[in-house]
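# Notes for the structure review
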Amino acid sequence: MPGPWRDTAERRRRREIRMRRARVRAARRSREHAERRRAEGPTHQRIHRRRRALWRRLWGTGAVLLGAFTVLTAHEVWAADDDPAFDTAIALALLAAGLYGIGAGSVVVFRAGGEPPRSLGGWGLVAWFAVVLALPSYKYGDLIGGPVAVTAVWLAAVAATVWYLRREADD
């Protein structure tokens, strides 16, 4: 004679029926809750969240457009043949600012519903330093030997800045 602790086919069938009924009840409650929420309309928090996401999308789109314009301006400045070393330095500064604008704007647009990543501020600081370091790079690079030297000095300065900022962020 099987004991009460043994699992029979009848007990398994009843357990499956109970579980199926529980899933149906949970789905019905969820559906009713969603219908109730829709009937009540959006809450103040949802409206505020949507409005904030809309503004972030607008600002992000503006940053992307401004960044693209800045990159195109950098190309135009670089193409001018007034003073090749100075034009290279200005083009590098505009390029850094434009690429950051494009990158940060697209990140903000794609993550408008949530919070933007914290690394965005750090990369903004790197872009700011890259813009500021264009003038000293022009001065030292022009002494060494023209536009290629300006670019090399600027890249070395930006790499040193990135290294220093990452090292300070780890502390």
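The rules behind these values
Residues numbered from 1 in each chain as written. Predicted model: local features only at pLDDT ≥ 70, side-chain atom pairs only at ≥ 80, totals over all residues. Heavy atoms only, no water. Helix = DSSP H or I, 4+ residues; strand = E, 2+ residues; numbered from the N terminus. Buried < 20%, exposed > 50% of the residue type's maximum accessible area, 1.4 Å probe, protein only. Polar contact = N/O pair within 3.5 Å; in protein donor to acceptor, adjacent residues only side chain to side chain. Contact = heavy atoms within 4.5 Å. Salt bridge = Lys/Arg side-chain N within 4 Å of Asp/Glu carboxyl O. Phe/Tyr/Trp six-rings, centres within 6.5 Å; stacked < 30°, edge-to-face > 60°. Patch = residues over 30% accessible without salt bridge, like charges linked within 9 Å, V, L, I, M, F, W, Y side chains within 5 Å. Areas by Shrake-Rupley, 256 points an atom, 1.4 Å probe, with all protein chains shown as cover. Lys, Arg positive; Asp, Glu negative; His and termini not counted. Charge placed at Lys NZ, Arg CZ, Asp CG, Glu CD. Axes fitted to C-alpha atoms, helices over the stretch in contact; angles between N-to-C directions. Parallel < 35°, antiparallel > 145°, perpendicular 65-115°, else oblique. Left-handed = near helix turned anticlockwise from the far one by under 90°.

This part is about the side chain of Arg 56. Inspection of the secondary structure puts Arg 56 in helix H2 (residues 44–79). For Arg 56, a relative accessible area of 17% puts it in the buried group. Within the structure, Arg 56 has its side chain in polar contact with the backbone oxygen of Gly 114 (distance 2.4 Å). With sequence-adjacent residues up to four places away left out, Arg 56 is seen in contact with Val 108, Ala 112, Gly 114, Glu 115 and Pro 116.

Side-chain pairing between opposite charges can occur once the charged atoms of the two side chains come close. Going through the model one piece at a time under the given rule, you end up with four salt bridges. With a shortest N-O distance of 2.9 Å, Glu 10 and Arg 13 are connected by a salt bridge. Here the residue Glu 10 and the residue Arg 13 both occupy positions in helix H1 (residues 9–40), the gap between them amounting to three residues, near one helical turn. Assessed through its relative accessible area of 44%, Arg 13 is described here as partly exposed. Residue Arg 56 pairs with Glu 115 through a salt bridge whose shortest N-O separation is 3.5 Å.

Now for the environment of Asp 142. Turning to its location among the elements, Asp 142 is positioned in helix H5 (residues 134–144). Sequence-wise, Asp 142 and Gln 45 are 97 residues apart; in three dimensions their C-alpha atoms are separated by 56 Å. In this structure Asp 142 touches Ala 85, Ser 137 and Val 150, once residues within four positions along its chain are discounted.

Moving on, we get to the packing of aromatic side chains. On inspection of all chains with the given rule, the structure shows two aromatic pairs. Each ring, one from Phe 86 and one from Tyr 138, has its centre 5.3 Å from the other, and the planes form 75 degrees; the classification is edge-to-face. Here the residue Phe 86 occupies a position in helix H3 (residues 84–110), and Tyr 138 occupies one in helix H5, the gap between them amounting to 52 residues. Classification of Phe 86 as partly exposed rests on a relative accessible area of 34%. Centre to centre, the rings of Trp 128 and Phe 129 are 5.2 Å apart; their planes meet at 80 degrees, and the pair counts as edge-to-face. Phe 129 gets classed as partly exposed once you look at its relative accessible area, which sits at 29%.

Looking now at a positive patch on the surface. A contiguous patch of positive charge, built from Arg 37, Arg 38, Arg 46, Arg 49, Arg 50 and Arg 52, is present on the exposed surface. Top element by residues in the positive patch is H2. It accounts for four residues. Residue class for Arg 52 comes out partly exposed when judged on its relative accessible area of 32%.

Remark: H3 packs on helix H4 (residues 119–132), axes separated minimally by 8 Å, with the N-to-C direction vectors making an angle of 165 degrees. Regarding the angle of H3 to H4, the classification is roughly antiparallel. Here H3 runs over H4; the crossing is left-handed. Contact residues: Ala 93, Ala 96, Ala 97, Tyr 100, Ala 104, Val 107 and Val 108 in H3; Leu 120, Trp 123, Gly 124, Ala 127, Ala 130 and Val 131 in H4.

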